[in-house]
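Architecture and fold: a report
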Amino acid sequence: MSCGNAHETDCSEVLDHLYEYLDDEMSEEACAKFRQHFDECHPCLEKYGLEQAVKKLVKRCCGSDDVPTDLRSKVMMRLEMIRSGEAVPEPEAFTPTEAPSA
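Residues numbered from 1 in each chain as written. Predicted model: local features only at pLDDT ≥ 70, side-chain atom pairs only at ≥ 80, totals over all residues. Heavy atoms only, no water.

What about the state of the cysteines?
On inspection of all chains with the given rule, the structure shows 0 disulfides. Here Cys44 is not disulfide-linked; the sulfur of Cys41 is the nearest cysteine sulfur, at 3.6 Å. (Disulfide = S-S within 2.5 Å.)

In structure tokens form, the structure reads like this:
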């Protein structure tokens, strides 16, 4: 996604690292670059707002569930492997007709 305008920080970089920003996993310098980008780019600001709302909804609905320590470790290790290019994300494990009910 791109708004078509040139920015110091490219839209694709912002969207690729949006959850790191939402989760406060970035340096203050990187956060400042993202805030500046959101001030300049309405489409990215909208995407940020949507993802922030989804995150709040998930936290409200599922925030009290404890995550087993070993599962958290496995997920974090897999994310690091994907970010570093050592692994690629796996395709969805189910089809829409097999999706678990809420």
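Here the narrative resumes.
Examining the nonpolar core
Ranked by internal contacts, the top residues of the largest apolar core, which has 13 residues, are Leu18, Tyr21, Met26, Phe34, Phe38, Cys44 and Tyr48. With 4 residues, helix H3 (residues 28-40) is the single largest residue contributor to this core. Not counting chain neighbours up to four residues away, the residues in contact with Met26 comprise His17, Glu20, Tyr21, Cys31 and Phe34. (Core = buried A, V, L, I, M, F, W, Y, C linked by side-chain atoms within 4.5 Å. Buried < 20%, exposed > 50% of the residue type's maximum accessible area, 1.4 Å probe, protein only. Helix = DSSP H or I, 4+ residues; strand = E, 2+ residues; numbered from the N terminus. Contact = heavy atoms within 4.5 Å.)

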